[in-house]
Amino acid sequence: QRVTPFSALISHIHLKETDDGRLFAKATASDGTVHLTSISTQVIALDGARACLGNLMYLSNLLNADMLRGKDISVSVNARERNGKRIVTTLQFTPNRRMEINYVATDPFRASITKPMEIMVPDWPVAFILDQDSYQEFTNFKRIHAAAPSTGKEDVIQLSYADERIAIDFGEGGISHTSTLTLDVEAVSETNRPLGIHLLSDQFLRSLTQFQGPDSLIEIYMAPKAVKMMCLTEWGEHELIL
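The structure reproduced in this document is the subject of the present report. No experiment lies behind these values; they were computed from the predicted model shown.

**What to know about the sheet that holds strand 7 (residues 99–104)**
Okay, so step 1: Reading across from one edge, 5-6-7 is the order of the 3 strands in this open sheet, with antiparallel pairing throughout. Strands at the two margins of the open sheet, each flanked by one partner only, are strand 5 (74–82) and strand 7. Strand-to-strand twist across the sheet, computed as the mean angle between neighbouring axes with direction ignored, equals 20 degrees.
Okay, so step 2: Bridge count for strand 5 against strand 6 (residues 85–96) is 9 bridges, and the pairing is antiparallel. From the neighbouring strand, valine 75 faces strand 6, where its bridge partner is phenylalanine 93.
Okay, so step 3: Its contacts with the sheet place helix 1 (residues 56–63) against strand 6 and strand 7, and it is angled at close to 155 degrees to strand 7.

**So, the side chain of histidine 12**
Okay, so step 1: Among the secondary structure elements, histidine 12 is positioned in the segment before strand 1 (13–17).
Okay, so step 2: One polar contact links histidine 12 to serine 11, side chain to side chain, over a distance of 2.8 Å.
Okay, so step 3: Residue contacts for histidine 12: discarding those within four places in its chain leaves Ala27, Cys52, Leu53, Gly54, Leu56, Thr106 and Ile113.

**Comments concerning the pairing of strand 15 (residues 226–232)**
Okay, so step 1: For strand 15, the buried fraction is high: 5 of the 7 residues fall into the buried class.
Okay, so step 2: Where strand 14 (residues 218–223) and strand 15 come together, 5 bridges link them in antiparallel fashion. Considered in strand 15, the bridge of methionine 222 is made with valine 227.
Okay, so step 3: With antiparallel pairing between neighbouring strands as the criterion, strand 14 and strand 15 make up a hairpin whose turn holds 2 residues.
Okay, so step 4: Pairing between strand 15 and strand 16 (residues 236–241): 5 bridges, direction antiparallel.

**Focus on the pattern of salt bridges**
Okay, so step 1: By the definition in use, this model includes 5 salt bridges.
Okay, so step 2: Here arginine 22 ties to aspartate 20 by a salt bridge, and the two come within 3.2 Å at their closest N and O atoms.

**A few points about the environment of serine 38**
Okay, so step 1: Note on placement: serine 38 falls in strand 3 (residues 35–43).
Okay, so step 2: Between the C-alpha atom of serine 38 and that of alanine 146, which follows or precedes it by 108 residues, the distance is 31 Å.
Okay, so step 3: Other than its neighbours up to four places away in sequence, serine 38 contacts Leu23, Phe24, Ala25, Glu237 and His238.
Okay, so step 4: Within the local environment of serine 38, its side chain forms a polar contact with the side chain of histidine 238, the two groups lying 2.7 Å apart.

The rules behind each value
Position numbers for residues count from 1 along each chain, tracking the sequence in the order it is written. Given that the model is predicted, a residue must reach a pLDDT of at least 70 before its local features are reported, and side-chain atom pairs must reach 80 or more before they are shown or counted; all residues, however, enter totals for whole chains, interfaces and linings. Only hydrogens and water are removed before side-chain values are computed, so all heavy atoms of the structure are retained for them. Each pair of strands is called paired provided DSSP finds at least two bridges between the two strands. What counts as a helix is a DSSP run of H or I of at least four residues, what counts as a strand is a run of E of at least two, and both are numbered from the N terminus. Whenever a helix is involved, its axis is fitted only over the stretch in contact; in every case the axis is a line through C-alpha atoms, and angles between N-to-C directions fall within 0 to 180 degrees. In this analysis, two residues are considered to be in contact whenever any of their non-hydrogen atoms come within 4.5 Å of each other. Here a polar contact is taken to be a pair of N or O atoms separated by no more than 3.5 Å, where protein atoms must pair a possible hydrogen donor with a possible acceptor and residues adjacent in sequence count only if both atoms sit in side chains. We call a residue buried when its accessible area falls under 20% of the maximum for its residue type, exposed when it is over 50%, and partly exposed in between, using a 1.4 Å probe and counting protein chains only. By convention in these notes, a salt bridge is any Lys or Arg side-chain nitrogen within 4 Å of a carboxyl oxygen on Asp or Glu.

It is worth stressing that arrangement in space is one thing and function is another; only the former is reported here.
Right, dumping it as structure tokens:
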């Protein structure tokens, strides 16, 4: 679900078991701008196998189908040895005695597949929580700027911290329309220095939409060259880095 808004950039999800038996998932955009990580809150056994999930639109439609919403559904994992490692080949979903659906996993050793990247950010000096009101303010500003005359460039915003305040600047100056939204949030900072990050506005909005927690709050952390969002749900711990 969290990968779907980035389907133009993310084509595969890589899975493996953690030492405590939970499921670890990671996906990286082909241009390196988006990195998603999730760890399940429940133990999900793959019998030591790794998996690479492709055809994500098909998989999303399958998992969201009404027939898979019951409590008696079984899922069989089929795996084989490849290059000394055990990899998942198919997942077989059995909703009831009349239905069987087979999903074919992708060979993770294919050279054309974007491999997950490890993003090393030693410190996130600024943090804040975006609530529903601030989220709506951002979407309203975004909607206004979507109607501005095109400058032939991708729509970019600047997320910045200065003087204990978080602000978002829309438009890049010059002949384009510009505006600034100062968020009504409390920032926690380990630095007195200003911090500013340029982000694609569509990408940032899609990230906010996907990382609202059950209480509609979004944890956001800032570093000199990256933004991180985190949320905890019933099914897992999720992290996104732009």
